[in-house]
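Coordinates in review
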Amino acid sequence: MGEIRDPQPLRWVGEYSGQPVERCFQCHKCSGGCPVAGTMDILPHQIIRCLHLGLEEELLGSRAIWLCTSCRTCKARCPNGIDIAAVNDALRARVLARGLRPALPAVADFHRQFLASVEKNGRVHELGMMVAYKLKIRNYLQDVPLGIKMLARGKFRLLPERIRGQKEIRTLFTKARGEQR
Ligand code: SF4
Ligand code: SF4
């Protein structure tokens, strides 16, 4: 991880995520509190270090960016307020925009279906999203009993909710796609 390749990734990730990644001084507090650090191939502080060193391929090919649960413990612990979940979101978007193979394809499919549902409905429609996800990964029956229970308890809406500002949300998605290129 000592070789500096191209500082460009630092620029686009910082701009796209809105995070002051250049302020990181490698104190490791983010990794010390991350609940899924034990499963990551690149720890949260190393993600920022990779950005500094321009190691874009390592970042875009890593499992860690898909394992991040967006719990934001890292942000709460960081003396510089760096939100590594936002950085990971930017890196995921970069993987998808460049048509690269995600390190964890099932998580990437879930991510895509979640965003597609938000873009279409203005907020996520859980039932529609889960059906689309299951069709995509061809796993049709595994969670059916749980889905039926959740439907019975009113946890899933049969139809998507209408929200105000749906058009504006679609415009945001279109703008974000343009900025990823
Ligand atoms: S937001 Fe992601 S990187 Fe940060 S602590 Fe949570 S799981 Fe770890
Ligand atoms: S806690 Fe913040 S400053 Fe410390 S290593 Fe993590 S991102 Fe860098």
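Our subject is the structure that appears above.
On a predicted model such as this, the values are computed, not experimentally measured, just so you know.

Let's shift gears to the overall build of the protein. When you go through the protein residue by residue, the secondary structure sums to 11 helices and zero strands. Reading the protein from its N end, one meets helices and strands in the order α-α-α-α-α-α-α-α-α-α-α. Each principal axis of the C-alpha atoms in the protein carries an extent, and together these give about 50 × 35 × 30 Å. Within the protein, the proportion of its 181 residues that are buried is 40%. When contacts within the protein are restricted to residue pairs at least 6 apart in sequence, those whose partners lie at least 24 apart make up 67%. When the accessible area of the protein is evaluated, it comes to approximately 10,800 Å², of which 55% is carbon and sulfur surface. Within the protein, the 17 negative side-chain charges are centred at a point lying 7 Å from the centre of the 30 positive side-chain charges.

This paragraph deals with the packing of aromatic side chains. Aromatic ring pairs are defined here through the distance separating the ring centres and the angle between the ring planes. Counting across every chain of the model gives one aromatic pair. A centroid spacing of 5.2 Å and a plane angle of 85 degrees characterise the contact between Phe110 and Tyr133, whose relative ring orientation is edge-to-face. Highlighted residues: Phe110 in helix H8 (residues 105-121) and Tyr133 in helix H9 (residues 126-137), separated in sequence by 23 residues. Looking at Arg94, its charged tip hangs above the ring of Trp12, at a distance of 4.3 Å from the centre.

Glancing now at the site of ligand 2. In the neighbourhood of ligand 2, the contacting residues comprise Cys24, Phe25, Gln26, Cys27, His28, Lys29, Cys30, His45, Cys78, Pro79, Asn80 and Ile82. Taken together, the residues that form the shell around ligand 2 break down as seven nonpolar, four polar and one charged.

Between its terminal C-alpha atoms H8 stretches 24 Å, which fits the 24 Å expected from 17 residues at 1.5 Å a residue. Looking at H8, one finds that the buried residues are Ala108, Asp109, His111, Gln113, Ser117, Val118, Glu119 and Asn121. Trailing H8 by a residue or two, Gly122 shows a phi angle of about 90 degrees, which is positive.

We now examine the site of ligand 1. Neighbouring ligand 1 are the residues Cys34, Pro35, Val36, Pro44, Cys68, Thr69, Ser70, Cys71, Arg72, Thr73, Cys74 and Ala85. By residue class, the composition of the shell around ligand 1 is eight nonpolar, three polar and one charged.

In this fold, Glu56 is placed in helix H4 (residues 56-60). On the basis of relative accessible area, Glu56 is assigned to the buried category, the value being 18%. Here Arg94 takes part through its side chain, which lies 3.3 Å from a polar atom of the side chain of Glu56.

Turning next to helix H3 (residues 44-53). Within H3, eight of the 10 residues are buried, leaving the element largely enclosed by the surrounding structure. By the burial criterion, the buried members of H3 are Pro44, His45, Ile47, Ile48, Cys50, Leu51, His52 and Leu53. One or two positions beyond H3, positive phi appears at Gly54, with a value near 75 degrees.

Attention now moves to the side chain of Ser62. Within the fold, Ser62 resides in the loop between H4 and helix H5 (64-67). Of the residues examined, Ser62 reaches a relative accessible area of 2% and is grouped as buried. Within the structure, the side chain of Ser62 is placed 3.4 Å from the backbone nitrogen of Ala64, a separation counted as a polar contact. Setting aside residues no more than four positions away along its own chain, Ser62 makes contact with Asp41, Ile42 and Ala103.

What follows covers the environment of Gly122. For Gly122, the location among the structural elements is in the loop between H8 and H9. Accessibility expressed as a relative area gives 12% for Gly122, which makes it buried. When the C-alpha positions of Gly122 and His45 are compared, they lie 33 Å apart, and in sequence the two are 77 residues distant. Those residues within four positions of Gly122 in sequence are excluded, and the remaining contacts are Ser117, Ile163, Gln166 and Ile169.

About the cut-offs
- Residues numbered from 1 in each chain as written.
- Chains lettered and ligands numbered in written order.
- Predicted model: local features only at pLDDT ≥ 70, side-chain atom pairs only at ≥ 80, totals over all residues.
- Heavy atoms only, no water.
- Helix = DSSP H or I, 4+ residues; strand = E, 2+ residues; numbered from the N terminus.
- Buried < 20%, exposed > 50% of the residue type's maximum accessible area, 1.4 Å probe, protein only.
- Contact = heavy atoms within 4.5 Å.
- Areas by Shrake-Rupley, 256 points an atom, 1.4 Å probe, with all protein chains shown as cover.
- Lys, Arg positive; Asp, Glu negative; His and termini not counted.
- Charge placed at Lys NZ, Arg CZ, Asp CG, Glu CD.
- Phe/Tyr/Trp six-rings, centres within 6.5 Å; stacked < 30°, edge-to-face > 60°.
- Lys NZ or Arg CZ within 6 Å of the ring centre and 35° of its normal.
- Near = heavy atom within 4 Å.
- Nonpolar A, V, L, I, M, F, W, Y, C, P; charged D, E, K, R; others polar.
- Expected span 1.5 Å × (residues − 1).
- Polar contact = N/O pair within 3.5 Å; in protein donor to acceptor, adjacent residues only side chain to side chain.

Just distances and angles here, no functional claims.
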